[in-house]
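# Fold and geometry: a report
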Amino acid sequence: TNALLEHCHNHRYPDDKPMVEVYDELTQIYEAVLPQVGGLISGLISKALLHRMFRNCEGSEDNLINLSMDLNGNPTSEMGHFMVRLVSCPEFQETGTSEEFLKKLNEGSFSHEFTSLYSDFLKRFGCRGAREIDVATPRMYEKQDELFGTIKQIDVKKNQIISVRERRDKAYQELLSLAREMGKEKSFVHHASVMQGVLGYREHPKYMLVVVTDACRRHALQVAKGFVAKGRLENVNQIFSLTMDQISKAQKDEALDLLALVRANLKPVEEVRHVKNWPVLIDSRGKIIRGKR
């Protein structure tokens, strides 16, 4: 997964490389990673055995849930820890606004240590955010003024990361005490260790998919800049209203009318743009079921 991250972050495809070929190459690399997910079975087995061990112990369910938090290898948890490290830096705390922050970044005013930490954060997690599976969604590294505001809101002394860690440690100690009483201390320590070390990687397939999606977005935007420069598109974001096949054909055929394709692709969207509340429940016969308000 680290190799895939390095490839997606550092490798730039030629602008004339067909979009379909870029997508196929990236998905092949991604699919090569997926078989390794089978190693998670040991963590799932340990989790199941722990639930069986404490199934008759009152109040242990909440502790088992807390024990499953802040696991090694969980990219979402790692991102949270990274953000706490960033906000804890004195020079970040001394920066008052996003404008000041971006200015210091551009001027290289931050220390080498902070700059390296921030760059590493962007490299590993800058592609994440709401609707991150949608290739058309702007990434955190594209909105660093908003990212500054998000990190700035974190309370250094009291935050979710610290709270989760404390709850997990408390749960571990309480379950360990119960295991000793049951004569199963060694078994508990083993399975808790396996779960902590392995189970967090269950989120890696999605994380890697987000990384691949971002690499596709980077290439699409690079191609779009060329289309805009030639007057074939009005703005770069219109590239996401085209299919990959249409983009690939347009890279080879400069006579292809891209704006006409964009309008045709968006026509179904425009026809329902006035709809404000979509039905959330439709039965097998197509009847729309609406709840009373």
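In the block above lies the structure referred to throughout.
In this text, all values refer to a predicted model and were calculated from it rather than measured experimentally.

Along the backbone of the chain there are 14 helices and zero strands. Reading the chain from its N terminus to its C terminus gives the helix and strand order α-α-α-α-α-α-α-α-α-α-α-α-α-α. Relative to the 2.2 N^0.38 estimate, which gives 19 Å for 293 residues, the radius of gyration of the chain is 24 Å and therefore markedly larger than a compact globule would have. Projected onto its principal axes, the C-alpha positions of the chain cover 80 × 65 × 45 Å. By residue count, 38% of the 293 residues in the chain fall in the buried class. Pairs at least 24 residues apart make up 70% of the contacts formed inside the chain by residues separated by at least 6 positions. For the chain, the exposed surface amounts to about 17600 Å²; the carbon and sulfur share of it is 52%. Taking the 42 positively charged and 40 negatively charged side chains of the chain as two groups, their mean positions are separated by 6 Å.

Right, let's get into the side chain of Arg-232. With respect to the element layout, Arg-232 can be found in the loop between helix H12 (204–229) and helix H13 (244–252). No salt bridge forms around the buried Arg-232; measuring N to O, its nearest opposite-charge neighbour Glu-254 is 5.5 Å away. Side-chain polar atoms of Arg-232 contact the backbone oxygen of Ala-250, separated by 3.0 Å. Not counting the four nearest positions on each side in its chain, Arg-232 is found in contact with Phe-227, Ala-250, Asp-253, Glu-254, Ala-255, Leu-256, Leu-258 and Leu-259.

In this fold, Arg-217 is placed in helix H12. Given the relative accessible area of 2%, Arg-217 is considered buried. Side-chain polar atoms of Arg-217 contact the backbone oxygen of Val-135, separated by 3.1 Å. With near-sequence residues (within four places) excluded, Arg-217 lies in contact with Val-135, Ala-136, Thr-137, Pro-138, Arg-139, Glu-142 and Phe-240.

Here we come to the nonpolar core. As a rule of thumb, soluble globular proteins bury nonpolar side chains together. Residues Leu-26, Phe-92, Phe-114, Phe-121, Phe-227 and Ile-239 are the most contacted members of the largest nonpolar core, which totals 51 residues. Taken together, the elements giving at least two residues each to this core come down to helix H1 (2–10), helix H2 (19–33), helix H5 (75–88), helix H8 (112–125), helix H9 (144–152), H12, H13 and helix H14 (258–271). If you tally residues by element for this core, the top one is H12, at twelve residues. Judged by nonpolar contacts, the second largest core, of 14 residues, contains Phe-54, Leu-64, Met-195 and Leu-199.

A grouping of Ile-41, Leu-44, Ile-45 and Leu-49 is seen on the molecular surface, where their side chains present a nonpolar patch of about 340 Å² in accessible area. Judged by relative accessible area, Leu-44 falls into the partly exposed class, the value being 43%.

Within H13 the residues assigned to the buried category are Gln-246, Ile-247, Ser-248, Ala-250 and Gln-251. On its buried side, H13 packs onto H2, H12 and H14.

Rules used throughout
Within each chain, residues carry numbers counting from 1 in the order of the written sequence. With pLDDT at 70 or above as the cut-off, local features in this predicted model cover only qualifying residues; side-chain atom pairs require 80 or more to be listed or tallied, and sums for whole chains, interfaces and linings still use all residues. Remark: hydrogens and water are excluded; side-chain values derive from all non-hydrogen atoms of the structure. Secondary structure elements follow DSSP: runs of H or I of four or more residues count as helices, runs of E of two or more count as strands, with numbering from the N terminus. Computation of the radius of gyration draws on C-alpha atoms alone. For the globule rule, the value is 2.2 Å times the number of residues to the power 0.38. Buried residues are those whose accessible area, probed at 1.4 Å on protein chains only, stays under 20% of the maximum for their type, while exposed residues exceed 50% and partly exposed ones sit between those limits. The criterion used for residue contact is that any of the two residues' heavy atoms lie within 4.5 Å. Per-residue and other accessible areas were derived by the Shrake-Rupley procedure at a 1.4 Å probe size, with only the shown protein chains allowed to occlude residues. The charged-residue count follows a simple rule in which Lys and Arg add positive charge and Asp and Glu add negative charge, with His and chain termini not counted at all. In plain terms, the charge of a residue is placed at NZ if it is Lys, CZ if Arg, CG if Asp and CD if Glu. Every case where a carboxyl oxygen of Asp or Glu lies within 4 Å of a side-chain nitrogen of Lys or Arg is listed as a salt bridge. Polar contacts here mean pairs of N or O atoms no more than 3.5 Å apart (in protein, one a potential hydrogen donor and the other a potential acceptor; neighbouring residues in sequence count only if both atoms are side-chain atoms). Nonpolar cores were defined as sets of buried Ala, Val, Leu, Ile, Met, Phe, Trp, Tyr and Cys residues, with membership established by side-chain atoms within 4.5 Å. Like charges within 9 Å and nonpolar side chains (Val, Leu, Ile, Met, Phe, Trp, Tyr) within 5 Å are joined into patches, using only residues over 30% in relative accessible area that form no salt bridge.

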